[in-house]
Amino acid sequence: MTLTFPGETPTLRRAVPATTPWWRDAVVYQVYLRSFADADGDGIGDLAGLRARLDYIAALGVDAIWLNPCYPSPQADHGYDIADYLDIDPAYGDLSTFEALQKEARDRGLRVLMDLVPNHCSIAHPWFVAALAAGPGSPERAKFHFVGGRGWRGNRPPNNWRSVFGGPAWTRVTEPDGKPGQWYLHLFDSTQPDFNWQHPEVADYFDEVLRFWFDRGVEGFRIDVAHGMAKHPTLANWRHPRKYNAHMFNRPEVHAVHRRWRALVDSYRPARELTLVGEIWVPAVAELARYLRPDELRQAFFFDLLTQPWNAAKMRSAIQSGLDNIASTGATVTWVLSNHDVHRTVTRYGQEQPTKTPDPSALIEVTRNRGPVDVQLGTARAGAGILLLLALPGSVYLYQGEELGLPEVLDLPDEVRQDPIWRRSTGTKHGRDGCRVPLPWAAAEPTFGFSLNHAAGGAPAEPWLPQPDWFAGCAVDVQQERPDSMLALYRQALACRRELWAGDAELTWDDRLDRADLLVLTRGSARAVVAFGPDPVELPAELGEIVLASVPMTGRTLPGNAAAWLRS
Ligand code: NOJ
């Protein structure tokens, strides 16, 4: 039997269900486990560390956590290269630690989401190991994309596709007889071979993976590269190898996979409302909406806001386009300003703001600029940005450390960099290590409290990425004492959101202040004002009572690069 790709279903307008499923307006905290908290002092975050810090997450006031991949993995791309989808990496714990985490999270009202990586696995996955051993033409190789090369003796890659991390998307293997042989496809690193989703066993395998974790209480998955599983049927050359490659991504056939998973997720209803949230990079929001049709994903990150510069008109137009395109599917928008793949907001908003609209192939690149940073300005804007984000109708995903206002660590020494982007770009791109530096919990403790074992007299190893000295000023225990800290703002904003911005009330823009550097949005009786420029703004009494502001206000004067929430 082969996997069939039924015809497309049209985008349907669907009424919002009478009872709102939890994920429609949930705030989800992203835990990059490796960098969150380390219980055993080996310098790598782990599940026991997360368990020890669960109260911190619960006190933030979020609804759920999303764990980046924590399955057994050689860690070539820090968990996005999976060797076993049905277990926990021993560096992070084991299945019983995971069960305990789930129970403790549930006790605190936190749901647990995992990360599913269906486009590719690790070269250490048993299927790939078997495929290498079995040789060309074998059934084992059919689960991946193994093809002969072009040119003299097949020594050129089968087509012109480029890896997202740099270099060709193909690597040649040495066959069991010791001779150079076929090539295999990898959209990312050469340690991450792409599955062949035309193969029925691949689809069956992922059904089993989803059920395995759902049956253990997991309440959803973030789907890695959810637009990537289907490839052009003949693996034809792409006409612009360095541009967005529509032969590798966003193929119409990929929607069949999402329909299949949606049916699986729905089979748990009505007892359980599970979610799948797609990581999908597409050139147009209308394309994103296609993944949210009523029989596909429930959620998909809306990256168009994340890629905007700090600019009122651009942010407004991105928000409106998200609302227009996505609301028509019946889904809510899943807002996000930060994650483990992009520079932190303080850094992005503290740099010179790009003015050019990026090419679709370079969307994520604009989030990793390296220029000088005005940290104070970036911090002010990041604080205003979170008030904008939390005022929007829909769900919000927050990346760990953003609540501490951590800037990106831009000056990691080259020799400690671990991101495969650094290696594959031959050192021309720094990659993503700077937003993955282990969190500072306690200013005066070794490893700033990231490793917890020293309390019991242990000497912690160096964290897997070095923390800069200035992390001390951002530590949780410092911010906890300060009512004007970013952490205090997040806590207040998250508590306030539940009441002020609850429900699906429609967003309207209020232009009465008539200034191009301001956004004023209203939902029900709540209002948010965001000042994108340096100039302060006097908030007229008719806008309502001020409930919260991203910076201390004198009277009704909102400073520039700040935001306020009001209620009438
Ligand atoms: C997207 C993930 O967010 C990123 O961290 C990873 O490197 C790639 N997908 C490949 O899995």
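Residues numbered from 1 in each chain as written. Predicted model: local features only at pLDDT ≥ 70, side-chain atom pairs only at ≥ 80, totals over all residues. Heavy atoms only, no water.

Comments concerning the site of the ligand
Here comes step 1: If you check the shell around the ligand, you find 13 residues, and the closest are D77, R222, D224, H340 and D341.
Here comes step 2: Between the ligand and R222, the relevant distance is 2.8 Å, taken from an oxygen atom to a side-chain nitrogen or oxygen of the residue.
Here comes step 3: Between the ligand and D341, the relevant distance is 2.4 Å, taken from an oxygen atom to a side-chain nitrogen or oxygen of the residue.
Here comes step 4: Class assignment for the residues of the shell around the ligand results in four nonpolar, two polar and seven charged. (Near = heavy atom within 4 Å. Polar contact = N/O pair within 3.5 Å; in protein donor to acceptor, adjacent residues only side chain to side chain. Nonpolar A, V, L, I, M, F, W, Y, C, P; charged D, E, K, R; others polar.)

Some remarks on the domain arrangement of the protein
Here comes step 1: Taken domain by domain, the protein consists of domain 1 (22–120 + 199–493), domain 2 (126–185) and domain 3 (506–567).
Here comes step 2: Between domain 1 and domain 3, the C-alpha centre-to-centre distance is 29 Å.
Here comes step 3: With 22 residues of domain 1 in contact, the opposing surface of domain 3 contributes 21 residues.
Here comes step 4: Together domain 1 and domain 3 conceal approximately 1,800 Å² of surface at their shared face, both sides included; 72% is due to carbon and sulfur atoms.
Here comes step 5: Of all residues in domain 1, A312, R316 and L387 bury the most surface against domain 3, accounting for 32% of the area lost on that side. (Domains from an automatic or database assignment. Contact = heavy atoms within 4.5 Å. Buried area = accessible area lost by both parts, 1.4 Å probe.)

A few points about the confidence of the model for the protein
Here comes step 1: Scored by pLDDT, the protein has a mean of 95; 96% of the residues are at 70 or more.
Here comes step 2: Contacts for the low-pLDDT stretch residues 1–18, under 50 throughout, to residues beyond four places or in other chains number 38 contacts. (pLDDT = per-residue confidence, 0-100.)

With respect to the side chain of R34
Here comes step 1: Examined against the element boundaries, R34 turns out to sit in the loop between β1 (27–31) and α1 (47–52).
Here comes step 2: This buried residue, R34, is left without a salt bridge; D89 holds the nearest opposite charge, at 6.8 Å.
Here comes step 3: In contact with R34, other than residues within four places in its own chain, are I44, G45, Q75, H78, Y92, F450 and W464. (Helix = DSSP H or I, 4+ residues; strand = E, 2+ residues; numbered from the N terminus. Buried < 20%, exposed > 50% of the residue type's maximum accessible area, 1.4 Å probe, protein only. Lys, Arg positive; Asp, Glu negative; His and termini not counted. Salt bridge = Lys/Arg side-chain N within 4 Å of Asp/Glu carboxyl O.)

Quick word on the nonpolar core
Here comes step 1: The biggest cluster of nonpolar side chains holds 167 residues, and the ones touching the most others in it are I57, W213, F221 and W565.
Here comes step 2: Sorting elements by how many residues they give to this core places helix α5 (residues 200–214) first, with nine residues.
Here comes step 3: If we skip the residues at most four places from it in the chain, W213 touches Y71, Y85, L86, D87, I88, L95, F98, M114, V218 and F221.
Here comes step 4: Core analysis: the next-biggest nonpolar cluster, separate from the first, contains twelve residues, L539, A549, A562 and L566 among them. (Core = buried A, V, L, I, M, F, W, Y, C linked by side-chain atoms within 4.5 Å.)

What about the sheet that holds strand β6 (residues 180–185)?
Here comes step 1: A sheet is described by the order of its strands in space; here three strands give the open sequence β4-β6-β5, paired in antiparallel fashion. A single partner strand is all that each edge strand has here, and the edge strands are β4 (146–147) and β5 (170–174).
Here comes step 2: Where β5 and β6 come together, four bridges link them in antiparallel fashion. Note that in β6 the partner of T171 across the bridge is Y184. (Pairing = 2+ DSSP bridges.)

A closer look at unusual backbone geometry
Here comes step 1: The omega torsion across R269 and P270 is 0°, close enough to zero to call that bond cis.
Here comes step 2: Its place among the elements puts P270 in the loop between α6 (254–266) and β8 (275–278).
Here comes step 3: Phi is positive for F448, close to 45°, though the residue is something other than glycine.
Here comes step 4: Summarising the element assignment, F448 is placed in the loop between α12 (420–424) and α13 (476–480).
Here comes step 5: Given the relative accessible area of 13%, F448 is considered buried.
Here comes step 6: Backbone geometry at D514 places phi at a positive 50°, although glycine is not the residue there.
Here comes step 7: Checked against the element boundaries, D514 lands in the loop between β12 (508–509) and β13 (518–523).

Some points on the layout of surface pockets
A probe as big as a water molecule, rolled over the atoms, marks out the empty space that is left.
Here comes step 1: Taken as a whole, the largest pocket spans an internal volume of roughly 890 Å³.
Here comes step 2: Together, 38 residues line the largest pocket, and V164, F165, S361, I364 and E365 are the ones closest to its centre.
Here comes step 3: The class makeup of the residues in the lining of the largest pocket is 15 nonpolar, ten polar and 13 charged.
Here comes step 4: Both of domain 1 (22–120 + 199–493) and domain 2 (126–185) provide at least three residues apiece to the lining of the largest pocket.
Here comes step 5: Taken as a whole, the second largest pocket holds about 540 Å³ of empty space.
Here comes step 6: Counting only elements with at least two residues in the lining of the second largest pocket, the list comes to α11 (375–390), α14 (486–500) and β16 (545–549).
Here comes step 7: Here the element with the most residues in the lining of the second largest pocket is α11; it accounts for five residues. (1 Å grid on protein atoms, 1.4 Å probe; cavity = no way out; pocket = protein on both sides within 12 Å on 5 of 7 lines; lining within 4 Å. Points joined across faces, edges and corners; volume = space filled by probe spheres on them.)

Side note on the pairing of β6
Here comes step 1: Within β6, five of the six residues are buried, which leaves it mostly tucked inside the rest of the structure.
Here comes step 2: Two strands pair when backbone bridges link them, and β4 and β6 are joined in this way by two bridges, in the antiparallel orientation. Each residue of the ladder has a partner; that of V147, found in β6, is W183.
Here comes step 3: Taking the residues that link successive antiparallel strands as the turn, the β5-β6 hairpin has five residues, and the phi of G178 there is positive, at about 90°.

Brief notes about empty space enclosed by the protein
Here comes step 1: The tally for this structure, following the rule as stated, stands at five cavities of 30 Å³ or more.
Here comes step 2: Estimates place the volume of the largest cavity at around 120 Å³.
Here comes step 3: In terms of residue class, the lining of the largest cavity is built from five nonpolar, six polar and two charged.

Details of the sheet that holds strand β3 (residues 111–116)
Here comes step 1: Read around the closed barrel, eight strands run β1-β2-β3-β7-β8-β9-β10-β11, paired in parallel fashion. Neighbour-to-neighbour, the strand axes of the sheet open up by a mean angle of 30°, direction not taken into account.
Here comes step 2: Pairing between β1 and strand β2 (residues 64–67): four bridges, direction parallel. The partner of V28 across the bridge, within β2, is A64.
Here comes step 3: Lying over the sheet, α11 contacts β1, β10 (333–336) and β11 (394–399), oriented at roughly 150° with respect to β11.
Here comes step 4: Here α14 sits on the sheet and contacts β1 and β11; the angle it forms with β11, its principal contact strand, is near 165°. (Axes fitted to C-alpha atoms, helices over the stretch in contact; angles between N-to-C directions.)

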